[in-house]
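Next come the chains, spelled out residue by residue.
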Amino acid sequence: FEWADGPNEGPHMKWILHGNKDTTTHLASVYIPGVCKRSGICPKAREDIVRPVLDMLVSMRDIPFVIMGDINIDIRHSESEEAGRWREALRRSGAVVINHEGGWGNKPTRVPRGDQPGHAAHLDVVIVSKPVAQKMLPRMIAIGSGDEAIDGDQETHRLQAGSTFT
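This one's a predicted model, so the numbers in the text were calculated from it and none came from an experiment. (Residues numbered from 1 in each chain as written. Predicted model: local features only at pLDDT ≥ 70, side-chain atom pairs only at ≥ 80, totals over all residues. Heavy atoms only, no water.)

Engineer: Explain the packing of helix H1 (residues 43-59) against helix H2 (residues 81-93) to me, and be specific about the residues and the numbers.
Structural biologist: Contact geometry for H1 and H2: axes closest at 8 Å, N-to-C directions at 20°. Looking at the two axes, H1 sits roughly parallel to H2. Crossing geometry of H1 relative to H2 is assigned as left-handed. Two secondary-structure elements touch here, H1 through Arg46, Glu47, Val50, Arg51, Val53, Leu54, Leu57 and Val58 and H2 through Glu82, Arg85, Trp86, Ala89, Leu90, Arg92 and Ser93. Broken down by class, the residue content of the contact of H1 with H2 amounts to eight nonpolar, one polar and six charged. (Axes fitted to C-alpha atoms, helices over the stretch in contact; angles between N-to-C directions. Helix = DSSP H or I, 4+ residues; strand = E, 2+ residues; numbered from the N terminus. Parallel < 35°, antiparallel > 145°, perpendicular 65-115°, else oblique. Left-handed = near helix turned anticlockwise from the far one by under 90°. Contact = heavy atoms within 4.5 Å. Nonpolar A, V, L, I, M, F, W, Y, C, P; charged D, E, K, R; others polar.)

Engineer: How would you explain the pairing of strand E4 (residues 65-70) if you had to name every residue and give the values?
Structural biologist: Taking burial as the measure, the six residues of E4 include five buried ones, the bulk of the element. Both strand E3 (residues 25-31) and E4 contribute to a ladder of six bridges, which runs parallel. Across the sheet, Ala28 pairs through a bridge with Ile67, a residue of E4. Inspection of the sheet shows E4 paired to strand E6 (residues 124-128) by five bridges, in the antiparallel sense. Bridge pairing in E6 places Gly69 opposite Val125. (Buried < 20%, exposed > 50% of the residue type's maximum accessible area, 1.4 Å probe, protein only. Pairing = 2+ DSSP bridges.)

Engineer: For the side chain of Asp74, give the residues involved together with the corresponding values.
Structural biologist: The residue Asp74 is located in the loop between E4 and H2 in this model. No salt bridge forms around the buried Asp74; measuring N to O, its nearest opposite-charge neighbour Arg76 is 6.0 Å away. Looking at Asp74, its side chain comes within polar contact range of the side chain of His77, at 3.2 Å. (Lys, Arg positive; Asp, Glu negative; His and termini not counted. Salt bridge = Lys/Arg side-chain N within 4 Å of Asp/Glu carboxyl O. Polar contact = N/O pair within 3.5 Å; in protein donor to acceptor, adjacent residues only side chain to side chain.)

Engineer: Just give me the short version of the sheet that holds strand E1 (residues 2-4), but keep the residues and values in it.
Structural biologist: Reading across the sheet, the six strands line up as E1-E2-E3-E4-E6-E5 and stay open at both edges, with mixed pairing between neighbours. On the outer flanks of this sheet lie E1 and strand E5 (96-97), each paired with one strand and no other. Bridge count for strand E2 (residues 13-18) against E3 is six bridges, and the pairing is antiparallel. Residue His18 lies in a different strand from E3, and its bridge partner there is Thr25.

Set out below in structure tokens:
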């Protein structure tokens, strides 16, 4: 792996490259804070993060990439305008959210505890571009590692695991 500057590189997105010159896959970690009165960001600040990420998905449609992380919105079930924009960008890019396929999308990755607001939801994504989906055949294998040493009491957020062919 090699650290790399990529589109929208900054505090909310980090990139690494995997492979050699002819078969490089761009891997990104993304975190988009939620809008919240107690501990989130204002709607405009969130929009300033989301808009370039959605534009990037479409502009990179022919490049092998995997973007993994917490986007703090359930894009499958939310009726919000932003969720609709996520779905449209995915459609236009040909990218697939592999952790939404099959039964995986029905398994919550965040479950509120105590007085936390909200409901159980699938806020995390593993987005693969069409070139990755066609060549590497990615698939989900677990939400939660099943290892108490790794997960601990992970009621709130859960690790996701997948596999690919390289």
